[in-house]
Amino acid sequence: MRILSRARPWSPSPDEAVRRATGGAVRVLNHADTSALTALAAADPVTNCFVESILEKGRDATPARSGGPLFLGIFTQATPVTAGRPAGLEAACWVGANVVPIGATAEAGALFGVALTALHRRFASVYGPRESVLALWDELSRGPQRARQIRDDQPLMVLRGRPAVEPSPRVRPARPEEFPVVLPACVAMFEEELGFSPLQNGAVQYRLRVEDLIRNGWSLVDLDDAGRVRFKADLGVVSASCTQIQGVWVEPSRRGQGLAAPSVAAVTEYARQTAPQVSLYVNSFNTAALRTYRTVGFEQVGTFATVLL
């Protein structure tokens, strides 16, 4: 008896899919595009801190294995308006679990949204400069994914010099043996920020993330005399040009006691040992946090948006 093999249905490569969906306006970047991508990200090291941190770890523009992270790019012909832009690369977009546009206008963001829809992937979030993120999401939302929350006004702030308040001497890097007391504080911060526990799904990955931050000296804490966390913050993203503070949290019973500003000032002083600029972004509705950061000396330099999926 002759057994006929069943051929697998053909599916286009990611590059073919995005080129077809965008009429050739977007393509997947490759190794040859790495220098252009690096220059594009370096044009705004505060906004592009996350992407620069990826590139500095040795990652280039080469796509990962099938279904893995990749960069998308939009290229333009050299004109007097675009003179000086790197190698014709007009805008790019990191595509991993999260989506991060780089140097993108609203028009470019919309094109990336069309390209991402054609990839038929699921993402955890889209974040970055508000104009490009919201335009990207407007197109991506036409697909199957739905937003859990859209935070469309997040001041991007930076501190380029010394803090304006005296740093707390109690804030220091957490030690590996303090993981059992640091983890609950991280979980409490996450739940307060996003409304669910990071241990519900992907608990192993979250624990490894906290362990990694502690191991690198990027988790900073103030412990009370009983060894409980009063304050915590992370250097969540680190590049040679900029660090991005994340996960700032004050234990609820300690709030309103003047603990936050000196503690954040201590984190910024520590971060400045790694990079000359210290940044963060914060929800505009978090008026207490905004007041703290301005007291420390942070200034707004842009506006982010985050779409949580």
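Residues numbered from 1 in each chain as written. Predicted model: local features only at pLDDT ≥ 70, side-chain atom pairs only at ≥ 80, totals over all residues. Heavy atoms only, no water.

Student: Any chance you could explain the overall build of the protein chain here in plain terms?
Tutor: When helices and strands are counted, the protein chain shows nine helices and 12 strands. With the principal axes as the frame, the protein chain shows a C-alpha extent of 75 × 65 × 35 Å. A fraction of 69% describes how many contacts in the protein chain between residues 6 or more apart in sequence connect residues 24 or more apart. Within the protein chain, one finds 33 positive and 29 negative side-chain charges whose respective centroids are separated by 6 Å. (Helix = DSSP H or I, 4+ residues; strand = E, 2+ residues; numbered from the N terminus. Contact = heavy atoms within 4.5 Å. Lys, Arg positive; Asp, Glu negative; His and termini not counted. Charge placed at Lys NZ, Arg CZ, Asp CG, Glu CD.)

Student: Looking at this structure, how should I read the packing of aromatic side chains?
Tutor: The description of an aromatic ring pair rests on the distance of the ring centres and on the angle between the ring planes. Under the definition given, this model contains eight aromatic pairs. Seen in terms of ring centroids, Phe 50 and Trp 94 are 6.3 Å apart; in terms of plane orientation they differ by 75°. Their pairing is edge-to-face. You can see Phe 50 sitting in helix 3 (residues 49-56) and its partner Trp 94 sitting in strand 3 (residues 89-95), a full 44 residues away along the chain. Classification of Trp 94 by relative accessible area gives buried; the value is 8%. Centre to centre, the rings of Tyr 293 and Phe 298 are 6.0 Å apart; their planes meet at 65°, and the pair counts as edge-to-face. As far as the burial class goes, Tyr 293 and Phe 298 line up, both buried. Three or more aromatic residues joined by ring pairs form one cluster here, namely Phe 50, Phe 71, Trp 94, Tyr 127, Tyr 281 and Phe 304. (Phe/Tyr/Trp six-rings, centres within 6.5 Å; stacked < 30°, edge-to-face > 60°. Buried < 20%, exposed > 50% of the residue type's maximum accessible area, 1.4 Å probe, protein only.)

Student: Can you walk me through the pairing of strand 8 (residues 219-223) in this structure?
Tutor: Every other side chain in a regular strand lies on the same face of the sheet, so the side chains alternate between the two faces. In terms of burial, strand 8 is a largely internal element, five of the five residues being buried. Judged by which residues are buried, strand 8 turns out to be covered on both faces: Ser 219, Val 221 and Leu 223 on one side and Leu 220 and Asp 222 on the other are all buried. The pairing of strand 8 with strand 9 (residues 229-238) spans five bridges and is antiparallel. Bridge pairing in strand 9 links Leu 220 to Ala 233. Joining the antiparallel neighbours strand 8 and strand 9 is a turn of five residues, in which Gly 227 adopts a positive phi near 85°. (Pairing = 2+ DSSP bridges.)

Student: Is there a simple way to explain the sheet that holds strand 11 (residues 277-281) in this structure?
Tutor: Sheet strands associate in pairs through backbone hydrogen bonding, adopting either a parallel or an antiparallel arrangement. Taken in spatial order, the 12 strands of this open sheet run 1-2-3-4-5-12-6-11-10-9-8-7, and their pairing is mixed. Bordering the open sheet on either side are strand 1 (27-28) and strand 7 (172-173), each of which pairs with just one other strand. Of the strands in this sheet, strand 2 (70-75), strand 3 and strand 4 (98-102) touch helix 2 (residues 34-42), which is tilted by about 90° from strand 3. Lying over the sheet, helix 7 (residues 203-216) contacts strand 8, strand 9 and strand 10 (242-250), oriented at roughly 85° with respect to strand 9. (Axes fitted to C-alpha atoms, helices over the stretch in contact; angles between N-to-C directions.)

Student: Would you take a moment to explain the pattern of salt bridges for this structure?
Tutor: Charged atoms that come close allow side chains of opposite charge to pair. Applying the stated criterion to the full structure yields 17 salt bridges. For Arg 142, the salt bridge is made with Asp 138, and the minimal N-O distance between the two is 3.6 Å. Residue Arg 142 is classed as exposed on the basis of its relative accessible area of 59%. Given the relative accessible area of 42%, Asp 138 is considered partly exposed. Here Arg 151 makes a salt bridge to Glu 193, at a shortest N to O gap of 2.7 Å. Taken as a pair, Arg 151 in strand 6 (residues 149-159) and Glu 193 in helix 6 (residues 179-194) lie far apart in primary sequence, 42 residues in all. Among the residues examined, Arg 151 registers a relative accessible area of 9% and is labelled buried. By relative accessible area, Glu 193 is classed as partly exposed at 36%. Linked through salt bridges whose partners overlap, the residues forming this network are Asp 138, Glu 139 and Arg 142. (Salt bridge = Lys/Arg side-chain N within 4 Å of Asp/Glu carboxyl O.)

Student: Just to check I follow, could you spell out the packing of helix 4 (residues 106-119) against helix 5 (residues 130-140) for this structure?
Tutor: Axis angle and axis distance: for two packed helices, these are the angle between their axes and the distance between the axes, and together they describe the pair. Following both chains from N to C, one finds helix 4 and helix 5 inclined at 35°, their axes separated by 7 Å at the closest point. Of the two possible hands of crossing, helix 4 and helix 5 adopt the one that is right-handed. Of helix 5, the residues touching helix 4 (which contributes Ala 106, Gly 109, Ala 110, Phe 112, Gly 113, Val 114, Leu 116 and Thr 117) are Glu 131, Ser 132, Ala 135, Leu 136, Glu 139 and Leu 140. Here the residues of the contact of helix 4 with helix 5 sort into eight nonpolar, four polar and two charged. (Left-handed = near helix turned anticlockwise from the far one by under 90°. Nonpolar A, V, L, I, M, F, W, Y, C, P; charged D, E, K, R; others polar.)

Nothing here speaks to function; it is geometry throughout.
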